[in-house]
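# Observations on the model geometry
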Amino acid sequence: MDVRIIAATNRDLARVVCQGGFREDLYYRLNVFQIIVPPLRERREDILPLLWSFVQGFSKRMGKRIESIPQKGVEALQAYSWPGNVRELRNVAERAMISTTGAVLHLDVQRWRSQV
């Protein structure tokens, strides 16, 4: 059997291994090729393309057609610090898709910020 594993974490595993919080042998089995992706707050230019990608996926699943996203909502998303990273953005997109009834994505900025 030939198996490849893709693992993701927001922790510095090398440091955690040194502190005894992660098995060293497992770390070396997983650490074949590292891809380091900065957090979303450090690459705000990715927010809108990611949002559109999520919206397109949810559009298919929910049978909704979104044609635009208000600039005010995009600016609010880009100003946010995204402690939950891309997963949090995906959740925000899904909540917006659920509550949107027309072709313009309704981003209830005050509501999702208050849930943090």
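Description of the structure in this document. Nothing here was measured: the structure is a model prediction, and the numbers come from that model.

Procedures and definitions
- Residues numbered from 1 in each chain as written.
- Predicted model: local features only at pLDDT ≥ 70, side-chain atom pairs only at ≥ 80, totals over all residues.
- Heavy atoms only, no water.
- Helix = DSSP H or I, 4+ residues; strand = E, 2+ residues; numbered from the N terminus.
- Buried < 20%, exposed > 50% of the residue type's maximum accessible area, 1.4 Å probe, protein only.
- Contact = heavy atoms within 4.5 Å.
- Axes fitted to C-alpha atoms, helices over the stretch in contact; angles between N-to-C directions.
- Parallel < 35°, antiparallel > 145°, perpendicular 65-115°, else oblique.
- Left-handed = near helix turned anticlockwise from the far one by under 90°.
- Nonpolar A, V, L, I, M, F, W, Y, C, P; charged D, E, K, R; others polar.
- Phe/Tyr/Trp six-rings, centres within 6.5 Å; stacked < 30°, edge-to-face > 60°.
- Salt bridge = Lys/Arg side-chain N within 4 Å of Asp/Glu carboxyl O.

By secondary structure assignment, the location of Asn-85 is in helix H5 (residues 85–99). For Asn-85, a relative accessible area of 26% translates into the label partly exposed. Remark: the alpha-carbon pair of Asn-85 and Asn-10, spanning 75 residues in sequence, is separated by 9.8 Å. When sequence neighbours within four positions are dropped, the list of residues in contact with Asn-85 reads Pro-39, Leu-40 and Arg-43.

The relative placement of two packed helices comes down to the angle between their axes together with the axis-to-axis distance. Contact geometry for helix H3 (residues 47–62) and H5: axes closest at 9 Å, N-to-C directions at 45°. In this view, H3 runs oblique relative to H5, as classed from their interaxial angle. The chirality of how H3 crosses H5 is right-handed. Two secondary-structure elements touch here, H3 through Ile-47, Leu-50, Leu-51, Phe-54, Val-55, Phe-58, Ser-59, Arg-61 and Met-62 and H5 through Val-86, Leu-89, Arg-90, Ala-93, Glu-94, Met-97 and Ile-98. For the contact of H3 with H5, the class distribution of residues is 12 nonpolar, 1 polar and 3 charged.

Moving on, we come to the packing of aromatic side chains. Evaluated as defined, the whole model comprises 2 aromatic pairs. Seen in terms of ring centroids, Tyr-27 and Tyr-28 are 5.1 Å apart; in terms of plane orientation they differ by 70°. Their pairing is edge-to-face. Residue class for Tyr-27 comes out buried when judged on its relative accessible area of 10%. For the pair Tyr-80 and Trp-82, a centre-to-centre distance of 4.6 Å together with 85° between the ring planes defines the contact as edge-to-face. Classification of Tyr-80 as buried rests on a relative accessible area of 9%. Residue classification places Trp-82 among the buried residues on the basis of a relative accessible area of 0%.

Now for unusual backbone geometry. Here the phi dihedral of Trp-82 falls at roughly 50°; this positive angle occurs in a residue that is not glycine. Along the chain, the position of Trp-82 falls in the loop between helix H4 (71–79) and H5. Even without glycine at this site, Asn-85 takes up a positive phi of about 60°.

Bringing the pattern of salt bridges into the picture now. For the structure shown, the criterion picks out 7 salt bridges. Glu-94 is paired through a salt bridge with Arg-61; the nearest N and O atoms lie 3.5 Å apart. With Glu-94 in helix H5 and Arg-61 in helix H3, this pair connects stretches of sequence that are 33 residues apart. Arg-65 is the salt-bridge partner of Glu-67, the closest N and O atoms lying 3.4 Å from each other. Arg-65 carries the same exposure label as Glu-67, and that label is exposed. Through salt bridges with shared partners, one network takes in Arg-61, Arg-90 and Glu-94.

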